[in-house]
Amino acid sequence: MLANYKTVAEVEKITTARDNYKSQLETAQTALKEFEGVDVENLKSEIAKLNTSLKGKEPEYQTKIADMEFNSVLDGAISKSGARNATAVKALLDLGSELSSVLHEFIHWQDSEKYRQKFGEITDYNAYCDYLNKIYAPKV
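The following refers to the structure shown. (Residues numbered from 1 in each chain as written. Predicted model: local features only at pLDDT ≥ 70, side-chain atom pairs only at ≥ 80, totals over all residues. Heavy atoms only, no water.)

1. Description of the overall build of the chain
And step 1. Scanning the chain from terminus to terminus reveals five helices and zero strands.
And step 2. Taking all 140 residues of the chain together, the buried fraction comes to 16%.
And step 3. For the chain, the exposed area adds up to about 10800 Å²; of that, 57% sits on carbon and sulfur atoms. (Helix = DSSP H or I, 4+ residues; strand = E, 2+ residues; numbered from the N terminus. Buried < 20%, exposed > 50% of the residue type's maximum accessible area, 1.4 Å probe, protein only. Areas by Shrake-Rupley, 256 points an atom, 1.4 Å probe, with all protein chains shown as cover.)

Shown next as structure tokens:
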């Protein structure tokens, strides 16, 4: 039973990814209906345009997923701090700016703790940066 357990953040991430794929599929299907009876050369140019359009949407979807993950980490940090009302704490934080430096440093501290638990002390900065790139590169 616990093997199939997913946290709310994981379910939201999966749901968002599914919705993104549904949206892409619907866009492609709608576009394909428009191509019935169209000559092949025109079709090729339209397909190229659609592929470019889909590639342009990918960063938007990645940003949404990154925001959800950030909010999940933030909620976890707020609950660990013992705050009773996470919404009130978030309202007091300046999340409209780039990242609050305190939250940003807290996330880096969590990453470094995970690295230390897995590999020991950070002695090779390049290895640590490679570790961070493996975690975040697919998400950015």
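Having seen the structure, we can now continue with the description.
2. Looking at helix α1 (residues 8-34)
And step 1. The terminal C-alpha atoms of α1 lie 39 Å apart, and with 27 residues this matches the ideal 39 Å at 1.5 Å per residue to within 8%.
And step 2. By the burial criterion, the buried members of α1 are Thr 16, Asn 20, Gln 24 and Ala 31.
And step 3. Buried residues along α1 sit against α2 (40-81). (Expected span 1.5 Å × (residues − 1). Contact = heavy atoms within 4.5 Å.)

3. Re the pattern of salt bridges
And step 1. Counting across every chain of the model gives three salt bridges.
And step 2. In this structure, the salt-bridge partner of Lys 13 is Glu 69, at a minimum N-O distance of 2.8 Å. Of this pair, Lys 13 sits in helix α1 while Glu 69 sits in helix α2, and the two are 56 residues apart along the sequence.
And step 3. Residue Lys 13 is classed as partly exposed on the basis of its relative accessible area, which comes to 33%.
And step 4. For Arg 18, the salt bridge is made with Asp 19, and the minimal N-O distance between the two is 2.9 Å. (Salt bridge = Lys/Arg side-chain N within 4 Å of Asp/Glu carboxyl O.)

4. Regarding α2
And step 1. The terminal C-alpha atoms of α2 lie 61 Å apart, and with 42 residues this matches the ideal 62 Å at 1.5 Å per residue to within 8%.
And step 2. Of the residues making up α2, those classed as buried are Tyr 61, Gln 62, Ile 65, Glu 69, Phe 70, Leu 74, Ala 77 and Ile 78.
And step 3. One or two steps after α2, the chain reaches Gly 82, where phi turns positive at roughly 95°.

Remember that the coordinates give geometry; whether it matters functionally is a separate question.
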